[in-house]
Amino acid sequence: MHPLPLILALVGAVVLAPALLRALGDGGHTRPNYRGRELAFPFGVLTLAAALLALIPLLLVLGLGLLDDTLGQGSHGGGADSGGGDHATAQRPQRGWRGHGAATLRGELSTGALKAAGSLGLALLAMSYLGLSNGRWLLAAAVLVLATNVFNLLDLRPGRATKAFVLLGAGLAIGSADLHPLWELGLFAAPALVAGVYDLRERVMLGDTGANLLGALAGLWLVLTLSGTGQIVALVLLAGITLYGELRSISALIERTPGLRQLDSLGRPT
């Protein structure tokens, strides 16, 4: 893919971001972050507005995230960090995959469970277009699903999910010496990074809409770059992070780890 769509999406996001920020604030679309500050939410919709052309599976993943943002009653899949998505406050109940599964068994409407099932179906659909064997198809879909969930778990502090995406993308691009996946994903990645800057500065919160997009893009980048063996390694790592996030606090781990703590807080208002 030519880099022009990436450039156009980036410019569009930069132009639209201030207007969207004002519109969300004026419309009362805000939510308190982990420090209790009322921020515009969900700013992840900037990507939808800036991307004039879209890959249908990614749009549907965004829609599932938006559904969770608007109907989830403040309960998101965030495991032990007291709720997923947009640096949630301690007042929000712990859900995670276990919580959403339990809610479903009780007969309650769980947008997180709906999102998980929908994401799996969309991942299987998206990967079917790559012409892979059945085994590689299932492997790629699993990478995509777990990456989407991991980034939702990471989005508990301003800018954390965006930083993780940038570091992962840089590592994949440098390691493979191949920028073609970036051009393929750039239509969404460029506006998502613009939204990430606003998130880092604590002016907005991405919501599951934005976190799911970053995770889906990260999963696709992994699949488009890595060999089968590399994807297996990625799957194991993603599964480990998911399990840890369900049982323990990722934020607490980052806070007590030198280097990670400084990187996590870099660029964030004090």
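A brief report on the enclosed structure follows. Worth saying up front: this structure is predicted, and the values here are computed from it rather than measured. (Residues numbered from 1 in each chain as written. Predicted model: local features only at pLDDT ≥ 70, side-chain atom pairs only at ≥ 80, totals over all residues. Heavy atoms only, no water.)

## Describing helix α8 (residues 180–200)
No. 1: Along α8, the helix axis deviates most sharply at Gly 186, where the bend reaches about 75°.
No. 2: Of all 21 residues in α8, 15 are buried, a share of seventy percent or more.
No. 3: After α8 finishes, the residue Glu 202 shows a positive phi value of roughly 60°. (Bend = angle between axes of the 7 residues up to and from the residue. Helix = DSSP H or I, 4+ residues; strand = E, 2+ residues; numbered from the N terminus. Buried < 20%, exposed > 50% of the residue type's maximum accessible area, 1.4 Å probe, protein only.)

## As for the layout of surface pockets
No. 1: Empty space within the largest pocket amounts to approximately 610 Å³.
No. 2: Looking at the largest pocket, it is lined by 24 residues, and the ones nearest its centre are Val 150, Phe 151, Leu 154, Ala 164 and Ile 241.
No. 3: Of all the secondary-structure elements, those providing two or more residues to the lining of the largest pocket are α6 (134–154), α7 (160–176), α9 (207–225), α10 (228–247), α11 (250–255) and α12 (260–265).
No. 4: Broken down by element, the residue count for the lining of the largest pocket peaks at seven residues, all from α10.
No. 5: Looking at side-chain class alone, the lining of the largest pocket contains 20 nonpolar, one polar and three charged residues. (1 Å grid on protein atoms, 1.4 Å probe; cavity = no way out; pocket = protein on both sides within 12 Å on 5 of 7 lines; lining within 4 Å. Points joined across faces, edges and corners; volume = space filled by probe spheres on them. Nonpolar A, V, L, I, M, F, W, Y, C, P; charged D, E, K, R; others polar.)

## Quick look at the packing of aromatic side chains
No. 1: Going through the model one piece at a time under the given rule, you end up with two aromatic pairs.
No. 2: With 5.3 Å between their ring centres and 35° between their planes, Phe 43 and Tyr 198 make a pair best called tilted. Here the residue Phe 43 occupies a position in the loop between β2 (38–40) and α2 (45–50), and Tyr 198 occupies one in helix α8, the gap between them amounting to 155 residues. Accessibility classification places Phe 43 together with Tyr 198 in one group, the buried group. (Phe/Tyr/Trp six-rings, centres within 6.5 Å; stacked < 30°, edge-to-face > 60°.)

## Concerning the side chain of Thr 47
No. 1: Tracing the sequence through the fold places Thr 47 in helix α2.
No. 2: Every residue in contact with Thr 47, bar those within four places of it in the chain, is listed here: Phe 188, Pro 191, Ala 192 and Leu 213. (Contact = heavy atoms within 4.5 Å.)

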